[in-house]
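Chain by chain, the residues:
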Amino acid sequence: MFYENNLLLKNKSNLKLSLSTFKNGINTEIDENSLPFKYAKLSYNYKFNRGALQTGVGFDDLYLPETHDLNPTMRKMVLDEGEYNDINRIWLFPYYNTIANFRDHMLVLSKDNMVVYARLIAYDPGFADVGYMGNLFFTSIPNAIYYNIDGEDVMLITSVTDGMYVFHPTQYREIITDAPKIISICRHYERVFAIEEGKRNRLIFSANLDPTNWNIGLDDAGYIEIIDEHGGLEKVVSFNDYVYIFKEYGITRLSAYGDQTEFSLSNVFASSGKIYSNSVCVCGDRIMFLARDGIYSFNGYSANKLSLNIESLFEENNDNCCSAFHNGKYYLGCRLNFNDNEIVGCEGYSEGYINNALIELDLKTGEINLFRGVDLKWLLSIEYETINKLAVLFNNEHKKRIGEMNESGMIFGKPLKKVWTSSYSNLGYPDKIKKIEKISLLSKQNCKVKIKTDCENKTFDILGKETSSVIYPNLKGEMFQFSIETDEATANIACPEILIGVSK
C-alpha cells in the first residue's frame, strides 16, 4: 500500500482550484458535471458581499423610535398577547394631523382580523400608543389602502366577506355597508379600483373623488368586464399613469383618465404559467412578480423573465408568497424545494410550514441571495424620518410577533445554518482519480469544510482566526464536492484554495 501511494504521487499532475471570489453566486440549472467550480450548486443564509461569504439576513422584534430625534431611544413593538393573537397584515398609514399640524404616520395592523393601529413615533417616551379601531372585527383577512377624503387622510379597510370601513384617527370611523367585498384594491388618481370576490371577470371602480360611493352610474361608480382566456382577475396596481390588472395568466392595462366613458383596455402580457398575485410589487420603474416558471420584470409594456439560475427550486404552489421593495431590492418570501434532505429553521416546525425562504434580488446589480428557514407571511418597507426598515410578519411559531429584517444571521436570537456547496463533479477529468491534498481558506469564525468523493466523505472543523487555515484531507476519488458550512450567527469566509493531484 505504501508503494502504491508513492507511485500515484509520482504519476500525477497538480490541479489548483481557487475561489478568489464568491460573487458568481448560485446556479441550480446547469448539470452538475458541467457547472464551473466558481458557482455554487446550492447556497443559503450567506451573502456574497464583496466576493466573500458573509453574514446573511436575520430577524428580530421590530423596534421604532420614541422621539423625532436623530438618535432616538427605541421601543419594541408588542401587541397585547391573547390566546390566538395571529398578526396577519401590516400597512403604513401616512397620516397628517390637520388639527395639530404635524405628520403622525402610523402602522395599521390586522390581529386576528381585528384592526389596530400604532404610531410610528410615540408621543411619549416608553409609550407605544397602540389603539383599537372601535373594536372593528372582520370575518376574513382585510385589505387596506390610504386615501384622502375632503382634505383628511384616512385608511380604507375592506375584506372578501365584509364591507368597507373608513378609518380616521380622531374624527370618524364609518362602515360603508353597500361597498363590494374586495379581493384587491388600489388608488388611481381620484378613484379607487378593485376586484370583487365572486366576480373575478370584472374590474370595479368608485365614483370620482368619493371612494365610499359604489352606486353604478355614469357620474358615480362603474365596472368593466374583462373576459378572456387569461383567467380570473387577481390583483390591481396603479403604475406609471395606468391601472394594471394582473390575472391568473396575463396582464391587462387600463387607461383611466377623466370620465369613465373614455376608459380603454389593452392586453399587454400573456403568461404560460400562473402568476402569484402576492408576489406583484411596484419596484420603482418596474413591477416585479413571480410566475410558476420564475421571476419577471415588467415595465408597463412588456415582461421579461429573469435568468436567476434558481428556477428549479420553486415549488409548484406559491399562492401564499409575500413581497416588498426595500432599499433598491425586491424581496420575495416563498416556498422553495432545496432537495437536500436537510431541515433548516422553520422546516423543523412540528405543524409544518407555509413558506421557508426569502429571496433578495438587487435590481441594480442583479445579485441574488437566498435565505432559508424562515416562514414569512407579510413584508412592509417603512421609510420615514429616521426609520428605514423592512417589517415582517410570520406564519406559525412566530405569528404573534411583529418583526424586522436585520443582518444578524439569526431568527430571534437563534443562528441560522449557513451552507455553500459546489457541484458534484469530475472537474473535467473523467476516469481520473483525484487526491484532495490541501485546502486553505480564511475564516474569521468557526466553520466546517466538508469533502465528498465517490469513495469517502470527511468533515473538518475550522477554528475562526485572522489568518488562513490549512487542512490536508488526503481523500481520493473520481467525483468531488466541496462545502463550507457554519452554525455560527456571523460569517466572514474568503479565498478558499484547493490543491488536487490528478493521476495520469
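What you are looking at is a predicted structure, and each value in this text was computed from that prediction instead of being measured.

Colleague: Explain the packing of aromatic side chains to me, and be specific about the residues and the numbers.
Modeller: Following the criterion strictly, the structure yields 23 aromatic pairs and no others. Measuring from centroid to centroid gives 6.4 Å for Phe37 and Phe480, while their planes differ by 20°, and the two rings are stacked. Note that Phe37 is positioned in the loop between strand 1 (12–18) and strand 2 (42–44) and Phe480 in strand 45 (residues 480–486), a separation of 443 residues in sequence. Under the relative-accessibility criterion, Phe37 is labelled buried at 14%. With a relative accessible area of 2%, Phe480 lands in the buried category. An angle of 65° between the planes, with centres 6.3 Å apart, marks the rings of Trp420 and Phe482 as edge-to-face. Note that Trp420 is positioned in strand 39 (residues 418–421) and Phe482 in strand 45, a separation of 62 residues in sequence. The class for Phe482 is buried, based on a relative accessible area of 0%. A network of ring pairs unites the aromatic residues Phe239, Tyr242, Tyr244, Phe246, Phe269, Phe289, Tyr296 and Phe298 as a single cluster. A cation sits over an aromatic face here: Arg253 above Tyr242, 4.9 Å from the ring centre. When the ring centre of Phe412 is taken as origin, the NZ or CZ atom of Arg401, which lies over that ring, is 3.8 Å away.

Colleague: Mind laying out the sheet that holds strand 28 (residues 294–298), listing which residues take part and the relevant values?
Modeller: Taken in spatial order, the 4 strands of this open sheet run 26-27-28-29, and their pairing is antiparallel. The two strands at the open ends of the sheet, each matched to only one other strand, are strand 26 (275–283) and strand 29 (303–305). The average angle at which neighbouring strand axes cross in this sheet is 25°, direction not considered. Two strands pair when backbone bridges link them, and strand 26 and strand 27 (residues 286–291) are joined in this way by 5 bridges, in the antiparallel orientation. Across the sheet, the residue bridging to Ile275 is Ala291, located in strand 27.

Colleague: An account of the sheet that holds strand 19 (residues 191–196) is needed here, citing residue identities and associated values.
Modeller: The sheet built from 4 strands is open, its strands ordered 18-19-20-21 with antiparallel pairing. Of all strands in the sheet, those bounded by a partner on one side alone are strand 18 (182–188) and strand 21 (222–225). On average, each strand axis in the sheet is tilted by 25° relative to the strand beside it, whichever way the strands run. Across 4 bridges, strand 19 lies against strand 20 (residues 199–205) in antiparallel orientation. Bridged to Ala194 within strand 20 is Ile204.

Parameters at a glance
Residues numbered from 1 in each chain as written. Predicted model: local features only at pLDDT ≥ 70, side-chain atom pairs only at ≥ 80, totals over all residues. Heavy atoms only, no water. Phe/Tyr/Trp six-rings, centres within 6.5 Å; stacked < 30°, edge-to-face > 60°. Helix = DSSP H or I, 4+ residues; strand = E, 2+ residues; numbered from the N terminus. Buried < 20%, exposed > 50% of the residue type's maximum accessible area, 1.4 Å probe, protein only. Lys NZ or Arg CZ within 6 Å of the ring centre and 35° of its normal. Pairing = 2+ DSSP bridges. Axes fitted to C-alpha atoms, helices over the stretch in contact; angles between N-to-C directions.

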